Amino acid sequence: SSEVQVVGPADRVVALAGDDVILPCSLKPSVSAEDMAVEWTRLNLKTRNVHLYRQGRDSNEDQSPSYRRRTSMFHEELKNGNVSLKLTRVTLSDAGSYRCFLPTLNSQVKETTVQLIVGAVSQPVISIDGIKGWGVVLKCESGGWFPEPEMEWLDSSGTILPADGPPERHRDSEGRYAVRRHVTVNQTDTNRFTCRVHQPEINHLKETYIHVPGVVFIG
Ligand SMILES: *[C@@H]1O[C@H](CO)[C@@H](O)[C@H](O)[C@H]1NC(C)=O
């Protein structure tokens with residue numbers, strides 16, 4: 001059938017806190033949406049209205065305050081059936097399901113759902129935490145992550161080192177994760193050790209390395 005449908009992205013949309021992001025939504029086959037109504041809302045939330053377009057203009061009198069001055073549609077793209085939403089300065093609380101709904105579209109498929117995943121990352125920091133026998137205790141810390149990341153210690157050839165224990169973690173008042181992990185290392189050819197923090201759901205990885213001066217091992 002050649003009936004016009006509302007189509008969203010094939011996959012979830014992933015953004016980092018602070019980024020600008022586009023939530024894709026369009027008409028297929030492409031027909032002009034200039035004279036249609038477009039309602040971008042949150043699913044399963046009381047604060048629902050994200051962005052409304054009606055009668056040829058944005059109509060945001062009832063917009064949720066948390067979205068004020070952060071939303072826009074591409075008005076020059078409406079004639080191509082592109083009703084995507086641009087959201088600026090994304091926050092962790094923007095994560096969730098968005099509904100793109102064209103109530104006036106004469107079609108069976110008037111809406112689609114876009115899933116927005118929001119992550120946060122930061123660079124790990126390494127410090128020398130003490131001496132244990134012939135070894136040196138290293139500490140890696142990284143705060144401000146979301147979702148909770150994995151933390152590993154590696155040697156200079158990329159082999160994972162047995163850490164002194166599992167990562168310790170806590171959450172800050174914004175719900176972000178801070179992670180800390182110790183490792184005790186012995187002297188090597190390079191004395192170079194890497195701390196890697198990785199969050200697979202948002203596909204982000206941050207690494208920091210330290211070169212421990214040989215004299216530290218001798219104590
Ligand atoms: C809609 O238009 C914007 C701005 O030109 C573009 O970035 C986006 O890829 C377009 N989306 C679709 C689904 O065509």
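First, a word on scope: everything that follows refers to the structure included in this document. Everything numeric here is computed off the predicted structure, so don't read it as measured data. (Residues numbered from 1 in each chain as written. Predicted model: local features only at pLDDT ≥ 70, side-chain atom pairs only at ≥ 80, totals over all residues. Heavy atoms only, no water.)

### Points about the nonpolar core
Note the cut-off: To qualify as a nonpolar core, a set must consist of buried Ala, Val, Leu, Ile, Met, Phe, Trp, Tyr and Cys residues joined through side-chain atoms within 4.5 Å. The classification of residues rests on relative accessible area computed with a 1.4 Å probe and restricted to protein chains. Under 20% of the type maximum is buried, over 50% is exposed, and intermediate values are partly exposed. Helix numbers and strand numbers start at the N terminus; a helix is a DSSP run of H or I with at least 4 residues, a strand a run of E with at least 2. Contacts are assigned to residue pairs that have any heavy atoms within 4.5 Å of one another.
Ranked by size, the top nonpolar core spans 30 residues in total, and within it L23, W40, V83, L102 and L116 carry the most contacts. When residues in this core are grouped by element, the largest group, three residues, is from strand β11 (residues 111-119). In this structure, V83 is in contact with C25, S26, A33, V38, W40, M73, L78, C100 and L102, ignoring residues within four places of it in sequence. Listed in part, the 19 residues of the second largest apolar core include M151, L161, V216 and F217.

### As for the site of the ligand
This is how the line gets drawn: Here, proximity means that at least one heavy atom of the residue falls within 4 Å of the molecule or strand. Pairs of N or O atoms within 3.5 Å make up the polar contacts considered here, provided that, within protein, one atom can donate a hydrogen while the other can accept it, and that residues adjacent in sequence are counted only when both atoms are side-chain atoms. With residues, only the protein chains shown are counted as cover, and all accessible areas are computed by Shrake-Rupley using a 1.4 Å probe.
All residues adjacent to the ligand are I22, S26, F74, E77, N82 and S84. At 3.2 Å, a side-chain N or O of E77 approaches an oxygen atom of the ligand. N82 places a polar side-chain atom, nitrogen or oxygen, 2.3 Å from an oxygen atom of the ligand. Expressed as a share of its isolated accessible area of 360 Å², the protein-covered part of the ligand is 54%.

### Quick word on the packing of aromatic side chains
Note the threshold: Here the aromatic set is Phe, Tyr and Trp, taking the six-membered ring for Trp, and pairing holds for ring centres within 6.5 Å; pairs whose planes are under 30 degrees apart are stacked, those over 60 apart are edge-to-face, and all others are tilted. By definition here, charges over rings are those cases where NZ of Lys or CZ of Arg is within 6 Å of the ring centre and within 35 degrees of the ring normal.
Tallied over the full model, the rule gives two aromatic pairs. Seen from their ring centres, Y67 and Y98 are 6.4 Å apart, and the 85 degrees between their planes marks the pair as edge-to-face. Placement of the pair is Y67 in the loop between β7 (57-58) and β8 (71-73) and Y98 in strand β10 (residues 96-101), with a sequence separation of 31 residues. Here Y67 falls in the buried class, since its relative accessible area comes to 2%. Relative accessible area serves as the criterion here: at 0%, Y98 is assigned to the buried category. Ring geometry for F146 and Y177: centres 6.3 Å apart, planes at 25 degrees, overall stacked. Of this pair, F146 sits in the loop between β13 (135-145) and β14 (150-154) while Y177 sits in strand β16 (residues 177-185), and the two are 31 residues apart along the sequence. Overall, F146 belongs to the partly exposed group, its relative accessible area being 24%. A cation over an aromatic ring shows up here: R99 above the ring of F101, its NZ or CZ 3.9 Å from the ring centre. We note R192 situated over the ring of Y209; from NZ or CZ to the ring centre the distance is 3.6 Å.

### A word on the pattern of salt bridges
In plain terms, the rule: We define a salt bridge as a side-chain nitrogen of Lys or Arg found within 4 Å of a carboxyl oxygen belonging to Asp or Glu.
In this structure the tally under the stated criterion is 11 salt bridges. Linking E141 and R180 is a salt bridge whose minimum nitrogen-to-oxygen distance equals 3.3 Å. Highlighted residues: E141 in strand β13 and R180 in strand β16, separated in sequence by 39 residues. The exposure class of R180 is partly exposed, given its relative accessible area of 29%. Between R169 and E148 there is a salt bridge, and its shortest N-O distance comes to 2.9 Å. One end of the pair, R169, is in strand β15 (residues 168-171); the other, E148, is in the loop between β13 and β14, and 21 residues separate them in sequence. In this structure R169 comes out as exposed when scored by relative accessible area, which is 52%.

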